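# Secondary and tertiary structure notes
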Amino acid sequence: MKSLFDSVILQPTSLCNLNCKYCYLADRDKNLKMSPTVVERVVEAINICDHPFRVTWHGGEPMSSGLKHFESLVHPMQGLMSRNLIQQVIQTNATLINKRWCNFFSQNAFNVGVSIDGPEWANANRVNWNNVKSYDKILAGIHSLREADIKFSAICVVTNSTITRPEELYEFFCNLGCFSLGINFEEKMGINSTDISSKELVIDFWQRHFRPWKQNPQIEIQPFRRILSRLEDISCGKPTVVERSINEADLFPSISYSGDVVLLSPEFLNTKSSEYGNFIVGNVLREPLLDILNRWRSIHYVSGFVGGVKKCQEACQYFSVCGGGEASNKFFEHGSVNTTETSFCKNTYQYLTEVIVGEL
């Protein structure tokens with residue numbers, strides 16, 4: 001039987017020390033911290049499942065909780081780490097990284113993901129609460145990672161002000177020291193209402209990013225790897241990894257600092273809807289996580305999303321590379337998860353697939 005989940009997102013704190021202009025989080029100015037008891041409840045569920053899991057610490061800014069508090073949250077994971085049952089990942093803006101944090105990452109075998117949008121001119125949206133640019137502090141944190149010989153990936157948010165300079169972005173990340181790069185286009189999400197809607201600009205960006213990468217693939221570009229892998233499966237007549245069964249759901253639970261559980265997307269934390277309520281399906285401090293997950297078929301927005309994936313499977317020629325889209329994009333773009341095509345689908349999967357097929 002398919003496991004109900006093999007990855008979980010934990011929110012150690014709602015607080016972020018930055019106030020990025022495109023951020024979707026409403027409560028990032030509040031210092032609300034997770035208790036170790038919440039982590040203990042998650043560990044109980046992972047122990048019962050007894051197979052490898054990915055645990056992602058995601059905020060807010062996870063490091064805003066402070067090293068001492070963060071150590072108390074990771075401590076319940078020690079038994080799982082000793083049995084190689086979890087891989088821990090932290091997604092961070094890197095501004096708080098220093099030698100002590102690097103020692104902690106090394107001792108606990110953390111994978112580190114850094115959010116940075118490119119050279120200084122590309123990071124105008126990444127400011128602190130006093131509207132001061134964070135670029136120098138991000139680079140200082142990355143320098144600490146490199147000094148400690150800690151591998152890190154990077155995530156870049158492409159906005160309307162940076163989408164016309166893809167070659168400069170690629171060159172920057174090749175020199176940054178990251179081994180892998182994720183690329184997200186600014187999108188309507190949470191309290192952020194701006195997105196990129198120009199097909200011409202997106203296609204031009206992908207073409208001008210893919211060509212120098214194809215000539216000199218110095219680092220892994222995650223969107224390229226993803227699409228190329230799925231196109232290879234299609235060419236070999238194999239189903240791709242994203243062709244979901246319509247009778248299953250990748251529940252992808254996210255657990256807030258208070259123990260509240262939302263499914264399908266961390267962006268549903270602190271989100272309210274007239275149709276789906278607050279998206280919270282339970283709390284691990286009051287009920288075992290597996291009991292919460294086991295009733296997924298009766299949860300309105302989860303069953304609705306599965307219905308939307310079925311529609312995608314029946315109607316969309318890109319389903320084999322997309323897999324039915326993301327619940328959060330469907331909701332924030334259309335107000336419902338039981339829908340099909342989104343701007344995210346087009347920008348991230350459809351246009352890139354067309355570009356790669358054309359370039360190859």
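Presented here is a report on the structure given in the accompanying data block. (Residues numbered from 1 in each chain as written. Predicted model: local features only at pLDDT ≥ 70, side-chain atom pairs only at ≥ 80, totals over all residues. Heavy atoms only, no water.)

### Quick notes on the overall build of the protein chain
- Helix and strand content of the protein chain: 13 helices and ten strands.
- A compact globule built from 360 residues should have a C-alpha radius of gyration of about 21 Å, and the protein chain, at 20 Å, falls within 12% of that.
- Summarising its shape, the C-alpha atoms of the protein chain cover approximately 50 × 50 × 40 Å along the three principal directions.
- Of all 360 residues assigned to the protein chain, the portion counted as buried reaches 54%.
- Restricting to contacts in the protein chain with at least 6 residues of sequence separation, those with at least 24 account for 71%.
- Carbon and sulfur atoms provide 47% of the accessible area of the protein chain, an area that totals close to 16000 Å².
- A gap of 2 Å separates the mean positions of the 35 positive and 38 negative side-chain charges of the protein chain. (Helix = DSSP H or I, 4+ residues; strand = E, 2+ residues; numbered from the N terminus. Rg over C-alpha atoms; globule rule 2.2 N^0.38 Å. Buried < 20%, exposed > 50% of the residue type's maximum accessible area, 1.4 Å probe, protein only. Contact = heavy atoms within 4.5 Å. Areas by Shrake-Rupley, 256 points an atom, 1.4 Å probe, with all protein chains shown as cover. Lys, Arg positive; Asp, Glu negative; His and termini not counted. Charge placed at Lys NZ, Arg CZ, Asp CG, Glu CD.)

### Things to note about the sheet that holds strand β9 (residues 260–262)
- Taken together, ten strands build an open sheet; the order of strands is β7-β6-β5-β4-β3-β2-β1-β8-β9-β10 and the sheet is mixed. Unpaired on one side and paired on the other, β7 (220–221) and β10 (282–283) mark the two borders of the sheet. (Pairing = 2+ DSSP bridges.)

### Some words on helix α1 (residues 36–49)
- Here α1 is 14 residues long and its end C-alpha atoms lie 20 Å apart, about the 20 Å a rise of 1.5 Å per residue gives.
- Restricting attention to buried positions, one finds in α1 the residues Val 38, Val 39, Val 42, Val 43, Ala 45 and Ile 46. The buried residues of α1 occupy an angular sector of 160° when projected down its axis, which confines them to one face.
- Positive backbone phi, approximately 55°, marks Asp 50, located one or two places after α1. (Expected span 1.5 Å × (residues − 1). Arc of directions from axis to C-beta.)

### Structural notes on the pattern of salt bridges
- Applying the stated criterion across every chain, the model contains ten salt bridges.
- Among the salt bridges present, the one from Arg 83 reaches Asp 50, with a minimum N-O distance of 2.9 Å. Of this pair, Arg 83 sits in the loop between α3 (78–82) and β3 (86–92) while Asp 50 sits in the loop between α1 and β2 (53–57), and the two are 33 residues apart along the sequence.
- Residue classification places Arg 83 among the partly exposed residues on the basis of a relative accessible area of 41%.
- Three or more residues joined by partner-sharing salt bridges are found here, namely Glu 167, Asp 204 and Arg 208. (Salt bridge = Lys/Arg side-chain N within 4 Å of Asp/Glu carboxyl O.)

### Details of the side chain of Glu 267
- Of note, Glu 267 is situated in the loop between β9 and β10.
- Within polar-contact distance, the side chain of Glu 267 engages the side chain of Ser 265 at 2.3 Å.
- Ignoring any residue separated from it by four or fewer positions in sequence, one finds Glu 267 in contact with Tyr 24, Met 189, Ser 328 and Phe 332. (Polar contact = N/O pair within 3.5 Å; in protein donor to acceptor, adjacent residues only side chain to side chain.)

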